[in-house]
Structure formats: C-alpha cells, structure tokens
Amino acid sequence: MLPAGTEGASMPASPAWQHIEDVVRKVMRRYGFEEIRTPALEPTALVARGIGQATDIVQKEMFTFEQGDAGYVLRPEVTAPVMRAYLQHHLGQRGGVQKLFYVGPCFRAEKPQKGRFRQFHQFGSETIGAADARADAETVALMADVYREFGLRQTRLRLNSLGSPPDRKRYRQALTDYFAPYENELSETSRRRLRQNPLRLLDTKIEHEQRLLEDAPRLLDFVDDGSRAHYDEVKGWLDHLEIPFEEDPLLVRGLDYYTRTAFELESGALGAQSALAGGGRYDLLAEALGADEPVPAVGFAAGIERLFLALEAAGYDFPPDPAADVFLAAIGEEAERFVFEKARALRRAGLSAETDLMGRSLKAQMREANRSGAPHAVIIGGNELEAGRASVKHMATGEQTEVAFDGLTAFLLEQRAGGQPAEAEAAQDT
RNA sequence: GGGACCGUAGCUCAGUUUGGUCCAGAGCAUUCGGUUGUGAUCCGAAAGGUCGAGGGUUCGAUUCCCUCCGGUCCCCCCA
C-alpha cells in the first residue's frame, strides 16, 4: 500500500508533466537562474530553525525520523535547504548575486485533498545576496512569467509588506489589544489563534470576524521606515514592469523567515486550495541558520500539482505524446533476428524505433505499430529477406513501398526530417 | 487533529433499497481468431474480480452491524 497522498508520484512520468518542467526551466534560464538540487532529506533542526517552531509545518506536518543520534526530516519546502547549501558551500564567494532555482519533491504530513498531497512538487527561485527592491520585483516578474508562459491569465497577485520581526511583534500586540474586548464574539479557533499566533486571525473566513478586521490595526502602519521605503520601491518596480497586483493588508505568510515583501498568486479555478505560488523576502533566514552576518534574499515557491490543475481547468493544450519514428514488424525467427539488430542500428542513427518483444502475430504487431503512433511500419519476413528490401508502410495512407535494407536508415531519417509521403517512391531508389 | 461521502474486472461503473440462479455483470482496454504475411473500423471468442481487509449476525452476506485500511472532498493550514 502506498502512503496516503502520494498517488500521482508513482505514475509513469507523463509527457505533460515533463512539459511543465521544461517550460519552468526555460523561463528560469531566461532570467539567468541556475538549477540547484538539494537532498530530499535534511536535518530536522535546519527546517525547524529555518521555518520557525511556531509554524504549522514544524508543529504537525513534518515527516521526521531518527537515525542514531541525528534527527532527519523529509523537506517540507526548499528555501531553507537552498540557503543551507548556499552557506555550506560558500556560494556567496562566487561573487555577485546568486540566482538559483529548483524543481523537486516536498513532503508534508497533512490530510490529502484536492490540490494537496503528502508528496508534492515545487519549483521556485531564490535570489540570494540582493537587498535591492529590484530583486523582489524580478522574483515576482519571474513567477508571473512562468504562468504567463502557460497562458494562464485568470490569476490574482496579492502583495504586502511584513516589515521586520520587531514590527510584527508590536503589531501582534496591537492586534491582540484590539481583539481583546471582542474575545467572547470570536470562534474557538480564533481565540486560540489570538493567544498563539494572532497574525493568523487575518485570514479568518468567518464573516463577523472579517467585519471586525475592517477596523483592526493594519500591519503596514507598524512597518518601520526602511521597510516601508522598500515596499514602495517594490511597488514602483512592479508598476514599471506593468505587472498588475493588489495590495492586501491581510496577507501574511505561514513561515517565520519572511521579512518585508510578501506575495501570493491565486487562481480562481482550483477549489479550496487556491494558492498557486507564494513567496517573499527572507533577510533573516541566513542568520537563523548560523551565518555570521545577514544575507538578504528573496524567492518564491510554486506547486506543480496546482499548476497542473489550473492548466486542466483552463483547457490547456498539452503537447501530444511523443511517437516513435518507426515500428519494425517481423515474420518468422530469421526475420526477428534481423529486425532486432536493425532496430538497434536505427536507434544508433538517432531514430526512435520499436519492435515486438512478445513473439506476436503480424496482425498484433501492426496493431502495436498503430498504437505507437509511428508514421511508418517496416515489415520484414521471408520475402523481404530474400529480396534484401524492406516493406515500408505509411500508416496514415496505408500505402506500402519497398526500400533496400541499406537505404532504410537514410530513408527514415529523411522522412522524419519532413519528407512528404509522395517522396517515398523517390527515396526508394537511393 | 475534526467532519462528510465512498471502496465491485486494468479503467469507468451497474447490482446492495426488501440477504438466497437476473449475484458476480456491462462498456472501454487487453489477448486470440475472422484461411496462407498487414494497423485505427466491423464481427466473433477468450482471459480478467478472495465484490478493500478482518470479525460479527444468519441456514446463507458483495448486500445488515462493528473495527481497521485506503480513496475523495471540506475545516485547519498551505504549494
């Protein structure tokens, strides 16, 4: 039995899935980001320090286990691991800003539902070493361009500034004070949040509480001048790039390492889990992981499964499954030996060639040839072996011609290069 | 962690209401065949399921009850 919420991860890698990754990598490279691969396994302490003890992820969503004295965790996200790699391998010494991206699996021990899995896949970018607001804007632009590349326009980009930890501490207090008189009107979960993590109150879905929030203090009013100036700059650069966004004073993120800029991209077509991607600045993460000095950084993370859902909802045209160039059918043992070797020769010439591996009838082989999507089937039996010429059937038209064994590779290469069916006759003379 | 619904062939599902020869079925997919060596169509046949698992009630359980496992969706939270 598979662990819950890991279903899709064990299916054969579909062309659609690979297509998504291809597009992601393409856009990432346009922006000059390098791919980095970090282990799926990380020390529990790294994740706990990086993401924050008080977060849901660390408190209840990690797959952890002990090995000797050490505690490990299947990574629930990739930003902390990338920062660990950056520090451990002194990537900053390479000079300049480090622009890294990743694509890979993450794990969270949540109850699975639509758009949420225990093993899921994220891609994202991390721009490490840049405090400039343009780094924030570039991250947002990169994220937006990935979705734009897929033609997804029904998305909503929300933006906010979280300021610095002292700012948030003062804001937390103000929020607590504001809600104190209303405590009896709050739901049980909201009362719990008020004590444990007041910022979470901001995304309550209870109408009454939302009305209370309208007059509640705003995080942005507690943000220090530096953060405010930075926020204004980020908005300026986004305007400059003509990237539409909404300011959302209620936007907070679930991980402790965020500072200043926070953003989230939503889709309307995803059901309960509408967040496609999110990110922000995390200038304090490096120090939390043991760095001697602050390392400014900003990044985003996106869910591939959710992108997939959004694409399906939008009726996205995935590229068709790649078809073989040719299917080789054999009749009789001698022909089977010939075909098996010929297929390898074609493959070494760069063609995608398929053959029967079950000793099936010609009829069954032709069915298989049809299924393979190969434009041509090559039939070789006693007659062909005697004549030294293969029967080549053009599957779409049903027309069949003969091609000398010696010229078969060249013929098929030419066909793949865009030769028309009509040229088949011409080619058979070569 | 809490809630709702669901588990019958590889896939999509019927059958369970009122337990017993319409209870083990259909479509698609698969394999083979429709005379000697030709695919997507058509026709025919075959193969394929301990009816999620275990226990209970009963003369008898896919059907009723309990437990467990799994799935889906929702709350929480997030990608």
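### Some points on the domain arrangement of chain A
Now for step 1: The domains assigned to chain A are domain 1 (7-164 + 223-313) and domain 2 (326-418).
Now for step 2: Summarising the inter-unit geometry, the C-alpha centres of domain 1 and domain 2 are found 49 Å apart.

### Some remarks on the sheet that holds strand S3 (residues 64-67)
Now for step 1: Here we have three strands laid out as an open sheet, ordered S2-S4-S3, and antiparallel in their pairing. One side of each edge strand has no neighbouring strand; the edge strands of this open sheet are strand S2 (41-43) and S3. Strand-to-strand twist across the sheet, computed as the mean angle between neighbouring axes with direction ignored, equals 40°.
Now for step 2: Bridge count between S3 and strand S4 (residues 70-74): four bridges; the pairing is antiparallel. Bridge pairing in S4 places Phe65 opposite Tyr72.
Now for step 3: The strands that helix H2 (residues 44-51) touches are S2, S3 and S4; relative to S2, the one it contacts most, it runs at about 75°.

### Some points on the protein's contact with RNA strand B
Now for step 1: The local shell around RNA strand B holds 49 residues, among which Arg108, Arg116, Arg193, Arg371 and Asn383 are the closest.
Now for step 2: Among atoms of RNA strand B positioned within 4 Å of the protein, sugar and phosphate together represent 54%.
Now for step 3: A distance of 2.9 Å is found between a sugar or linking oxygen of RNA strand B and a side-chain nitrogen or oxygen belonging to Gln122.
Now for step 4: A distance of 2.7 Å separates a sugar or linking oxygen of RNA strand B from a polar atom in the side chain of Asn370.
Now for step 5: Among the secondary structure elements, those contributing two or more residues to the surface near RNA strand B are strand S6 (119-128), strand S10 (275-281), strand S11 (297-303), helix H13 (362-372) and helix H14 (382-387).
Now for step 6: Sorting elements by how many residues they give to the surface near RNA strand B places H13 first, with seven residues.
Now for step 7: For the surface near RNA strand B, the class distribution of residues is 16 nonpolar, 13 polar and 20 charged.

### What about a nonpolar patch on the surface?
Now for step 1: On the surface, Phe340, Leu357 and Met358 cluster together into a nonpolar patch covering about 410 Å² of accessible area.
Now for step 2: With respect to the helices and strands, the residue Phe340 is situated in helix H12 (residues 333-348).

### Concerning the pattern of salt bridges
Side-chain pairing between opposite charges can occur once the charged atoms of the two side chains come close.
Now for step 1: The full count for this structure, using the stated rule, is 25 salt bridges.
Now for step 2: A salt bridge links Lys26 to Glu149; the shortest N-O distance between them is 3.3 Å. Residue Lys26 is located in helix H1 (residues 15-30), and its partner Glu149 is located in helix H5 (residues 133-149); the two are separated by 123 residues in the primary sequence.
Now for step 3: Here Lys26 falls in the partly exposed class, since its relative accessible area comes to 39%.
Now for step 4: In this structure, the salt-bridge partner of Asp136 is Arg281, at a minimum N-O distance of 2.6 Å.

### Regarding helix H9 (residues 225-240)
Now for step 1: For H9, which comprises 16 residues, the first-to-last C-alpha distance of 22 Å matches the rise-based estimate of 22 Å (1.5 Å per residue) to within 8%.
Now for step 2: Where H9 is concerned, the buried positions are Ser227, His230, Tyr231, Val234, Lys235 and Leu238. Viewed along the axis of H9, the buried residues span an arc of 135°, placing them on a single side of the element. Across from the buried face of H9, at angles greater than 90 degrees, the exposed residues are Asp225 and His240.

### So, the sheet that holds strand S8 (residues 246-247)
Picture the strands of a sheet paired through backbone hydrogen bonds; they go either parallel or antiparallel.
Now for step 1: Here eight strands make up an open sheet; going across it, the order is S1-S5-S6-S11-S10-S9-S7-S8 and the pairing mixed. At either end of the open sheet lies a strand with only one pairing partner, and these are strand S1 (34-35) and S8.
Now for step 2: In the packing of helix H4 (residues 79-88) onto the sheet, the strands contacted are strand S5 (98-107), S6 and S11, and the crossing angle to S6 comes to about 45°.

Analysis parameters
- Residues numbered from 1 in each chain as written.
- Chains lettered and ligands numbered in written order.
- Predicted model: local features only at pLDDT ≥ 70, side-chain atom pairs only at ≥ 80, totals over all residues.
- Heavy atoms only, no water.
- Domains from an automatic or database assignment.
- Pairing = 2+ DSSP bridges.
- Helix = DSSP H or I, 4+ residues; strand = E, 2+ residues; numbered from the N terminus.
- Axes fitted to C-alpha atoms, helices over the stretch in contact; angles between N-to-C directions.
- Contact = heavy atoms within 4.5 Å.
- Near = heavy atom within 4 Å.
- Polar contact = N/O pair within 3.5 Å; in protein donor to acceptor, adjacent residues only side chain to side chain.
- Nonpolar A, V, L, I, M, F, W, Y, C, P; charged D, E, K, R; others polar.
- Patch = residues over 30% accessible without salt bridge, like charges linked within 9 Å, V, L, I, M, F, W, Y side chains within 5 Å.
- Areas by Shrake-Rupley, 256 points an atom, 1.4 Å probe, with all protein chains shown as cover.
- Salt bridge = Lys/Arg side-chain N within 4 Å of Asp/Glu carboxyl O.
- Buried < 20%, exposed > 50% of the residue type's maximum accessible area, 1.4 Å probe, protein only.
- Expected span 1.5 Å × (residues − 1).
- Arc of directions from axis to C-beta.

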